[in-house]
Amino acid sequence: TYKYRVLVASHIHEKAIELLRSNGFDVAVREEPSEDELASMIKGFHALIVRSKPLVTKRVIESSDVLKVIARAGVGLDNIDVKAAKARGIEVINAPASSSVSVAELAVGLMITVARKIAFSDRHMRLGEWPKKQAMGIELNGKTLGIIGAGRIGSTVAKICRLGLGMNILYYDLSKNEQLERELGARYVDLETLLKESDVVSIHVPLTPETQHLINEKRLRLMKKTAILINTSRGQVVDTNALIKALKEGWIAGAGLDVFEEEPLPKDHALLKLDNVVLTPHIGASTVEAQEKAGIEVAEKIIDYFRK
Ligand code: NAD
């Protein structure tokens, strides 16, 4: 007797499922089925919700009959054959804003961790040492933060760092962000100026042909020797080999990285041997709140879609 049926094929927040049910949708939950299972069960469902798993392949899509929407409760669409979906007139939606605050907070966390050598101290204390002398740090207050890509995440980082830490904000983007200039006194500069003048550089551009290895050897050499580089965008935006050289040879002071050109980071990777880099395993969106927001955001979009 239900008009629309939704298949939830990954673990999403309970509130999102409740929201769909209270809006009259029939919701079935089958977390992370295999391709075979998904292909054989997809018939009869009008919407499919996934996260970074399961794979929604061409075969799965072509096995559907009434499917209208594929929703990713999160941001990246790497596991969905978007082309095959479009070819069948199936809309692919995601929740691009859901993790902005979480990623921004992680970027700021990495900045402080590098500036105050927190991870370094922890590592050495566990070895029975008292690394007080080696853990001399710097304050972020009054320093200059350069934001590369002042979109949702970049502007949130700028806000936290301006209002919370008293940093001065420079930014580089394809276009000016008037609001950021008005509210935070942020200054729009070209990339070269940003790299030369910033004490902390934080990267928040999407991965595109233009941003692939945007931060290369030549640009790393423009940075201050005391500067810190933070990357929570995509690993490919930074030339890893050049960064390793920069960290080893002291062209910059340190780095905080949540994303890598190869994920998971290989066991013997050179980055793992450097003391002036802090690493996290792509956890930008891994918070209770981001997951909840992602589930609710796609549930609302599905409700809107079928209301039209
Ligand atoms: P957004 O689209 O809101 O902002 C991106 C900004 O980059 C935009 O202002 C855009 O104009 C700018 N930009 C694009 N190409 C550019 C270029 N060539 N030069 C300069 N600026 C350019 O995106 P967002 O939501 O802020 O996310 C930023 C990135 O963060 C995403 O693309 C994603 O890869 C990454 N991300 C990472 C995690 C994580 O877990 N670490 C989670 C979510 C998103």
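Not measured: the values here are computed from a predicted model. (Residues numbered from 1 in each chain as written. Predicted model: local features only at pLDDT ≥ 70, side-chain atom pairs only at ≥ 80, totals over all residues. Heavy atoms only, no water.)

1. With respect to the packing of aromatic side chains
Under the defined criterion, the tally for this structure stands at five aromatic pairs. Between Tyr305 and Phe306, the aromatic rings sit 4.9 Å apart at their centres with planes inclined by 75°, giving edge-to-face as the arrangement. Residue Phe306 is classed as buried on the basis of its relative accessible area of 11%. Just above the ring of Phe45 sits the side chain of Arg5; from NZ or CZ to the centre is 4.3 Å. Sitting above the plane of the Trp251 ring, Arg221 keeps its charged end 3.9 Å from the centroid. (Phe/Tyr/Trp six-rings, centres within 6.5 Å; stacked < 30°, edge-to-face > 60°. Buried < 20%, exposed > 50% of the residue type's maximum accessible area, 1.4 Å probe, protein only. Lys NZ or Arg CZ within 6 Å of the ring centre and 35° of its normal.)

2. A word on the sheet that holds strand β6 (residues 144–148)
In a beta sheet, neighbouring strands are held together by backbone hydrogen bonds and run either parallel or antiparallel to one another. Strand order in this open sheet of seven strands is β8-β7-β6-β9-β10-β11-β12, and the pairing throughout is parallel. Two strands in the sheet have a free side with no partner beyond their single neighbour: β8 (187–188) and β12 (277–279). Of the strand pairs in this sheet, β6 and strand β9 (residues 200–203) are connected by four bridges, and their pairing is parallel. Residue pairing in the sheet places Ile147 in a bridge with Ser202 of β9. (Pairing = 2+ DSSP bridges. Helix = DSSP H or I, 4+ residues; strand = E, 2+ residues; numbered from the N terminus.)

3. Here's the deal with the site of the ligand
Lining the immediate environment of the ligand, one finds 23 residues, of which Arg152, Ile153, Asp173, Thr232 and Asp258 sit closest. One nitrogen or oxygen atom from the main chain of Ile153 is found 2.8 Å from an oxygen atom belonging to the ligand. Here a nitrogen atom of the ligand sits 3.0 Å away from a polar atom, N or O, in the side chain of Asp258. Protein contacts shield 83% of the accessible area of the ligand, which totals 860 Å² for the unbound molecule. (Near = heavy atom within 4 Å. Polar contact = N/O pair within 3.5 Å; in protein donor to acceptor, adjacent residues only side chain to side chain. Areas by Shrake-Rupley, 256 points an atom, 1.4 Å probe, with all protein chains shown as cover.)

4. Overview of the pairing of strand β4 (residues 69–72)
The two faces of β4 match: Val69 and Ala71 on one face and Ile70 and Arg72 on the other face are all buried. Where strand β3 (residues 47–50) meets β4, four bridges bridge the pair, whose relative direction is parallel. Along β4, the bridge assignment pairs Leu48 with Ile70. Pairing analysis gives three bridges linking β4 to strand β5 (residues 91–93), with the strands arranged parallel. Its bridge partner being in β5, Ala71 is matched across the sheet by Ile93. Once you follow β4 into helix α4 (residues 82–87) and on to β5, the crossover reads as right-handed. (Right-handed = clockwise from strand over helix to strand, strands pointing away.)

5. Quick notes on the environment of Asp268
Among the secondary structure elements, Asp268 is positioned in the loop between β11 (254–257) and β12. Linking Asp268 and Val278, residues 10 residues apart in sequence, is a C-alpha distance of 16 Å.

6. Some thoughts on helix α5 (residues 100–115)
Between its terminal C-alpha atoms α5 stretches 23 Å, which fits the 22 Å expected from 16 residues at 1.5 Å a residue. The buried fraction of α5 is high, at 12 of 16 residues. Those residues of α5 that sit buried are Ser100, Ser102, Val103, Ala104, Leu106, Ala107, Val108, Leu110, Met111, Thr113, Val114 and Ala115. (Expected span 1.5 Å × (residues − 1).)

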